[in-house]
Amino acid sequence: MKKSSSLLLLFLLPLLVFAQDQMTQTIKGTVLDKEAEYPLIGVNVVLIGAETSIGTTTDFDGTFKLENVPLGRQVVQFSYIGYETVTIPNILVNSAKEIVLDIQMEEDLTELSEVVVTATKDRRKAVNDMTTLSARSFTMEEVTRFSGALGDLARMAQNYAGVSGASDNRNDIIVRGNSPSAVVWRLEGVDIPSPNHWATLGSTGGPISMLNTNSMRSSDFLTSAFPAEYGNGTGAVFDLQLKNGNTDKYEFLGQIGFNGFEAGIEGPLSIGKNASFIANYRYSTLGVFNALGIDFGTGGAVPQYQDVNFKINIPTEKAGRFSFWGLGGISDINFKPEPDEDNLFSESDEDLETGATTGIVGFSHLYFFDENTSSKLNLTLSSAESFVTIDEIINPNTNIFDRTFSSLNTQEKVGINWTLNKKINAKNRVKAALIYDYYSINVKDSVLIDDSFWFTEVDFQGNMALYRAFAQWQHKFNDKLTLNAGVHGALLDLNDSYSVEPRIGLSYKANDRSTFGLGYGRHSQLQPLPIYFSKNSNATEIQNNANKNLDLIKSDHFVASWDYLLTPNMRIKTEAYYQNLTDLAVDPEDGDFSMANFGANFGFPNRVGLTNDGTGSNLGLELTLEQFLNKGFYYLMTASIFDSKYKGFDEVERNTFFNSNYVFNLLVGKEFNLNDKFALTIDGRFNYAGGRRYTPIDLEQSIAAGREIRDMERVYEAQYAPYIRPDIKIGFRHNAKKFSQTFSVDLQNFIGRNNEFTKRFDNNTNRIRTTYQRGFFPDVRYQILF
């Protein structure tokens, strides 16, 4: 206790020091035409509210620099003849790092020569302006500010309308009743495998994210009726962007917390004007938390992991802009037999080890043919490998562990993506692309049968290619009515299945406060990759090869929205949606089975002989009430009610595994500026959601059989108790002359509520045993920038 008090006193010491001269920082960046993505020359850039006038204009490259900017929250305004004025509020300026902004300005349709349009940027819009509805942008400052997010983008998104989490121990997200496997991760304009530690083939989530918020910039999250450029996904899209490094000076970062020990560096490169790099590395700290007695659901096992994010950016005068980027991670955990311990991932009498290795590298070239026409070429290479081994005691008399299961899955992908962007005029813009993904897959699972021989459930080595293309058009009838329309096509060469997918969105801005939206989109997605190559020892050869003929999953989205700005800093938004799913994989020999119910765990069921006769639907209504950060105060309240159903081969309509029916979230926070060097922040979160579905256990039959038996007449009828979790986060921010530092304590589930995770039959007690999710969890974090 004395040691902790001494550390806190050391951190607060600057409050006791007499005031020094006011410290300042630099705000710089680039201003582009939003549709053409071409630099704008001569844009007026002004710091709003400064005691002394601070302003500049953009140069030939569209870059600007504001110097001697006071610390704290600042507002910068960008104005240009014929363009809508952009105002960026609440820019957090610290003493250690220069602030880099990427600004896009939109040409005004009512422009008159020599007239400056005074409309300001709408903070409700996504970064991608060809989205119509069901989308929102987010900043990395929000990801780190929100309580309960653990600096994880997926966990942060659980605060948005229509989104809920599968469990405390993984970051899989359920969007409008869809399986987490329906989520698309997109980085730097290309689809990537799951960017999470312990990711498995076909999944999109994991216990810990590999994405580092210190390497990212403002990005988009889409939940329905996506524009035509997004494909191979039916549920949601994370469209993420890596930021460029500082082009003028070297900057450093150090951080320690739940996510690990972290070190970062960014700065200029001498190989060209404005060339830069940024890199961040992280190593697991969970061993430290385990030693302190903090439980994260793994019993005595300690997760080990490390990851790295980087980007190199090289702009040239005539050849365009070149970028080289990457993301990689390694993870491993070994669950030893612990009869007296309880964890969420293994049985107490088995020795289980699992791990994963993921690597993604990309190269891109952006080239402008003229100021309104550009092309971008993306080349990517990714590799994702996961393994599981299980040892059990076969003969109780020997007490010797023997291998009973072994799995090794590897996916390598080469991607080529060429995009053409053309701004025809202020009213029209077109975008088209050709996309080629070549998969090399090695899947092998072996299991010990009847304690006597090994059966290879899956053993496949082969290749498959997914060909895609899209074209989309944006037309602005006037400054109130905008149309986004397009088509996306996909072809899988494994079985020649294909999909043609029209997309359309219409947005009507009735006035400066009220906006209405309508959207429709057909979307398709590959089946989870392991499903195509499943085998079973009791199946015929025809059944074992049937899954290779599975068609793409299809989904039709219908959405209507209304967005109303109550005040310049407060809005209310509501969306109603219906989603119809077809061609879901189902089992003719098990009528209630459907792949719609899987994707929130570490693997998929080994089923053969599947067909595309399954269907599903999601119907819901969402409400968002939001106060944007203003004068240090913000809140975000979301409420969602929905119904998620499916039909298996027997055509009986049932609840999906993910049909929790309702989700309610409240985020609220206040920032107190004690002086120009020190600030106190308090953030809170409350989550109330319906429990996940499960098939109840037939206790009498389980006791008679000596093993767990589920009541298959009531598939997914039962529901766990409501999920309730309050979090509170307290942070301190300090600016010194040569560095800045942040310290925070995020008390997650501070009431220690036991939220149900699963129910199992205990053969030793002949009772149903409930396993609970992670209880109280403190996330302590310290960051220093210099």
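The notes below deal with the structure included here. None of these values were measured; they are calculated from a predicted model.

### A look at the sheet that holds strand β11 (residues 183-187)
- Read from one edge to the other, the open sheet built from 5 strands follows the order β8-β15-β16-β11-β12, with strand pairing classed as mixed. Either end of the sheet is taken by a strand with one partner, and the two such strands are β8 (135-138) and β12 (190-191).
- Here strand β15 (residues 216-222) runs beside strand β16 (residues 236-242); their pairing, made up of 5 bridges, is antiparallel. Across the sheet, residue Phe221 finds its bridge partner in β16, namely Phe238.

### Some words on the packing of aromatic side chains
- All told, the structure shown has 26 aromatic pairs when counted by the stated rule.
- When the ring of Tyr160 is compared with that of Phe221, the centres are 6.1 Å apart and the planes differ by 35°; the resulting orientation is tilted. Here Tyr160, found in the loop between α3 (153-157) and β9 (163-167), pairs with Phe221, found in strand β15; they are 61 residues apart in sequence, far enough to count as distant. In this pair, the class of Tyr160 matches that of Phe221, namely buried.
- Each ring, one from Trp198 and one from Tyr305, has its centre 6.1 Å from the other, and the planes form 75°; the classification is edge-to-face. Of the two residues, Trp198 is situated in the loop between β13 (196-197) and β14 (208-209) and Tyr305 in strand β20 (residues 304-315); the sequence distance between them amounts to 107 residues.
- A connected cluster of aromatic rings, assembled from ring pairs, spans Tyr160, Trp185, Phe221 and Phe238.

### Remarks on empty space enclosed by the protein
- One pass over the full model with this rule turns up 12 cavities of 30 Å³ or more.
- Space inside the largest cavity adds up to approximately 520 Å³.
- If you go around the largest cavity, you meet 32 residues; those closest to its centre are Ile192, Pro193, Gly202, Ser203 and Gln411.
- The residue inventory of the lining of the largest cavity, partitioned by class, reads 14 nonpolar, 15 polar and 3 charged.
- By volume, the second largest cavity amounts to about 370 Å³.
- Along the wall of the second largest cavity there are 30 residues; nearest its centre are Gly165, Ala166, Ser167, Asn687 and Tyr723.
- Counting residues per element, the ones that place at least two in the lining of the second largest cavity are β9, β10 (170-175), β36 (662-673), β37 (678-689) and β40 (723-735).
- Broken down by element, the residue count for the lining of the second largest cavity peaks at 5 residues, all from β9.

### A few points about the nonpolar core
- The biggest cluster of nonpolar side chains holds 33 residues, and the ones touching the most others in it are Phe138, Phe221, Phe238 and Leu240.
- For this core, the elements supplying multiple residues, two or more each, are α2 (140-145), α3, β10, β11, β15, β16, β21 (321-335) and β34 (633-647).
- Once residues lying within four places of it in the same chain are set aside, the contact partners of Phe221 are Ser134, Ala135, Arg136, Phe138, Ala157, Tyr160, Val163, Ile173, Val175, Ala236, Val237 and Phe238.
- Formed by 23 residues, the second largest nonpolar core is a distinct cluster that contains Val31, Val76, Val93 and Met105.

Rules of the game
- The numbers attached to residues start from 1 for each chain and follow its sequence in the written order.
- Given that this is a predicted model, residues contribute local features only at a pLDDT of at least 70 and side-chain atom pairs are listed and counted only at 80 or more, while totals for whole chains, interfaces and linings are drawn from all residues.
- Derived side-chain values reflect all non-hydrogen atoms in the structure, with water molecules and hydrogen atoms excluded from consideration.
- Between any two strands, pairing holds if DSSP finds at least two bridges.
- Secondary structure elements are taken from DSSP: a helix is a run of H or I of four residues or more, a strand is a run of E of two residues or more, and numbering for both begins at the N terminus.
- Two aromatic rings, drawn from Phe, Tyr or Trp (for Trp, its six-membered ring), form a pair once their centres lie within 6.5 Å of each other, and the interplanar angle then sorts them: stacked below 30 degrees, edge-to-face above 60, tilted otherwise.
- Think of it in three bands: with a 1.4 Å probe and only protein chains considered, a residue is buried below 20% of the maximum accessible area for its type, exposed above 50%, and partly exposed in between.
- Cavity: a set of points on a 1 Å grid over the protein atoms alone where a 1.4 Å probe fits but cannot get out. Pocket: an open set with protein on both sides within 12 Å along at least five of seven lines, its lining residues, like those of a cavity, having an atom within 4 Å of a point.
- Grid points are joined across faces, edges and corners, and a volume is the space filled by probe spheres set on the points.
- The residue classification treats Ala, Val, Leu, Ile, Met, Phe, Trp, Tyr, Cys and Pro as nonpolar and Asp, Glu, Lys and Arg as charged. All others, Gly included, are polar.
- Put simply, a nonpolar core is a bunch of buried Ala, Val, Leu, Ile, Met, Phe, Trp, Tyr and Cys residues held in one set by side-chain atoms that sit within 4.5 Å of each other.
- Note on definitions: a residue-residue contact is assigned when non-hydrogen atoms from the two residues lie within 4.5 Å.

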